[in-house]
Amino acid sequence: MLGGRRYYVTGRSRQEALQRLRALRQRYEGGQLAPPQRLTFREWAEAYLREAEGRLRQGTLETYRLELTWLVRLLGRLRLSALTPWHIQRALLEMQAAGRGTRRLALAYAVLHSCLERARKLGLLGYNPCQQVERPRHQPREARDWGREEMGRFLDAAREDGRPLALMLALMLLTGLRPGEAAGLQWGDIDFGAGTLTVRRSVAWAGKEWHIGQPKSRAGARTLSLPGLAWGLLDRLPKGSVYLFWRERPPRREQVSAVMAELCQRAGVPRRPAHYLRHCHATLLAAQGLDVKTLQRRLGHSQASVTLDVYAHALSEMDRRAAELVERALGAQGLS
């Protein structure tokens, strides 16, 4: 008996059984021993998702559900208290063998860690076995970024297309909005007098249902100055509806992706996902020397460190430009 609960150990010999008993006591004394229970990982994952419904944004919840579906296939029959670091490591290896990329593996690990950490805090687990498994590192594929000329060609293709979704993608390139933020724009968010756009909401799909919620973070609720090109796009949109780019229901991710693929083909640029237009906007501004704090506010990042991490390659170009400016300003005076 440990702490009023009965535990069992077995061994092929008395000595082996005693070793396992000592290890069990060490886990108990270290606060790493949960009460025995028959709850499986599948049952806990389902309960965890139900509990998270009021806590997580719909888009985030859908991501968690997708990742846990994969993990339940591999770990679902195991008792929650029987999960070990090796079980988790083996599941990640099987997911990798099934063709999942490094980004998805890293995401699956993060979701599993959160799921098991919640179980630990509720006393269902003595410790989180994910803590003893190295998080998979996302290794982005080397892909050439669009240059300024390619961005211009994409913008021209979107303007020539003229469909609301094409114009939405063009606006994303000009403002750095996330897809959900752009889809959530209403005419009341446009201040024609001040020349600004205010992000107040975001649209997300969860299965067959769509939801309108708050922006991704407090920093996501922001007001942006619009370039002149943006006003030309807005003038071409049909009036009479509440939302800029849709009437009865917002576009699904697949619809946006399909239009994005068409425009990339017409513009003769490498195919990229719609979210890449936000990346283009940020790298373009960073390469032009916009300071990090202003870039952070424009993108709606909660912290400047996020901006630095995501756009480090573009900011390094800013550093080279700074060196050139110093050389240009002082080099002519013959300083050494």
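Structure's up top.
Computed from a predicted structure; not experimentally measured.

## A word on the packing of aromatic side chains
A ring pair, where both rings are aromatic, is described by two values, the distance of the centres and the angle of the planes. Overall, the coordinates contain 7 aromatic pairs when judged by the stated rule. Aromatic pair W44 and Y48: ring centres 6.1 Å apart, planes at 45 degrees, arrangement tilted. In this pair, W44 and Y48 both sit in helix α2 (residues 41-52), 4 residues apart, roughly one turn of the helix. In this structure Y48 comes out as buried when scored by relative accessible area, which is 1%.

## Topic: helix α5 (residues 102-121)
In this model, α5 (20 residues) spans 29 Å end to end at C-alpha, consistent with the 28 Å of a helix rising 1.5 Å per residue. The complete set of buried residues in α5 reads L105, A106, A108, Y109, V111, L112, C115, L116, E117 and A119. In this fold, the buried residues of α5 make contact with α2, α3 (58-75) and α4 (85-97).

## Thoughts on the packing of α2 against α3
Between α2 and α3, the least distance of the axes is 10 Å, while the angle of their chain directions is 175 degrees. Classified by the angle between their axes, α2 and α3 sit roughly antiparallel to one another. Residues F41, R42, A45, Y48, L49 and A52 of α2 touch α3, and the partners they reach there are L61, Y64, R65, L68, L71, V72 and L75. Partitioned by chemical class, the residues of the contact of α2 with α3 number 11 nonpolar, no polar and 2 charged.

## A closer look at the environment of A183
Topologically, A183 is positioned in helix α8 (residues 179-183). Sequence-wise, A183 and L165 are 18 residues apart; in three dimensions their C-alpha atoms are separated by 9.0 Å.

## Considering the pairing of strand β3 (residues 202-206)
For β3, the buried fraction is high: 5 of the 5 residues fall into the buried class. Side chains S202, A204 and A206 of β3 all project onto a buried face; the interleaved residues V203 and W205 project onto the opposite face, where all are buried too. Count of turn residues in the β3/strand β4 (residues 209-213) antiparallel hairpin: 2 residues, of which G207 carries a positive phi of about 65 degrees.

## What to know about the nonpolar core
Counting 47 residues, the largest nonpolar core has W146, F154, L169, L197 and F245 as the members making the most contacts within it. Among the secondary structure elements, those contributing two or more residues to this core are α6 (148-161), α7 (164-175), α8, α9 (228-235), α10 (253-267) and α11 (276-287). Apart from the residues within four sequence positions on either side, L169 is in contact with F154, V256, V259, M260, L263, A274 and L277.

## A look at the packing of α4 against α5
Running from amino to carboxyl end, α4 crosses α5 at an angle of 150 degrees, the nearest separation of the two axes being 11 Å. Here α4 is positioned roughly antiparallel relative to α5, judged by the angle of their axes. The interaxial crossing formed by α4 with α5 has right-handed handedness. Residues I88, L92, M95 and Q96 of α4 touch α5, and the partners they reach there are L105, A108, Y109, L112 and L116. Taken together, the residues of the contact of α4 with α5 sort by class into 8 nonpolar, 1 polar and no charged.

Conventions adopted
- Position numbers for residues count from 1 along each chain, tracking the sequence in the order it is written.
- In view of the model being predicted, local features appear only for residues whose pLDDT reaches at least 70, and side-chain atom pairs are presented and counted only at 80 or more, with totals across whole chains, interfaces and linings using the full set of residues.
- As a rule here, side-chain values cover all heavy atoms of the structure and leave hydrogens and water aside.
- Under the pairing criterion, centres of Phe, Tyr and Trp rings, with the six-membered ring standing for Trp, must be within 6.5 Å; the plane angle then separates stacked pairs below 30 degrees from edge-to-face pairs above 60, leaving the rest tilted.
- The numbering of helices and of strands both runs from the N terminus, where a helix is a DSSP run of H or I of at least 4 residues and a strand a run of E of at least 2.
- Working definition: with a 1.4 Å probe on protein chains only, accessible area under 20% of the residue-type maximum means buried, over 50% means exposed, and in between means partly exposed.
- Working rule for helices: expected span equals 1.5 Å times residues minus one.
- Contacts between residues were defined by any pair of non-hydrogen atoms, one from each residue, lying within 4.5 Å.
- Structural elements are reduced to axes, namely lines fitted to C-alpha atoms, with helices fitted over the stretch in contact, and the angle between N-to-C directions of any two is expressed from 0 to 180 degrees.
- For classification purposes, an angle smaller than 35 degrees is called roughly parallel, one larger than 145 roughly antiparallel, one from 65 to 115 roughly perpendicular, and anything else oblique.
- Here the nonpolar group is Ala, Val, Leu, Ile, Met, Phe, Trp, Tyr, Cys and Pro; Asp, Glu, Lys and Arg are the charged ones; every other residue, Gly included, is treated as polar.
- A strand pair is defined by DSSP finding two or more bridges across the two strands.
- By convention a nonpolar core is built from buried Ala, Val, Leu, Ile, Met, Phe, Trp, Tyr and Cys residues, the set being connected through side-chain atoms within 4.5 Å.
- Definitions for this section: a left-handed crossing has its near helix turned counterclockwise from the far helix by less than a right angle. A right-handed crossing has that turn clockwise.

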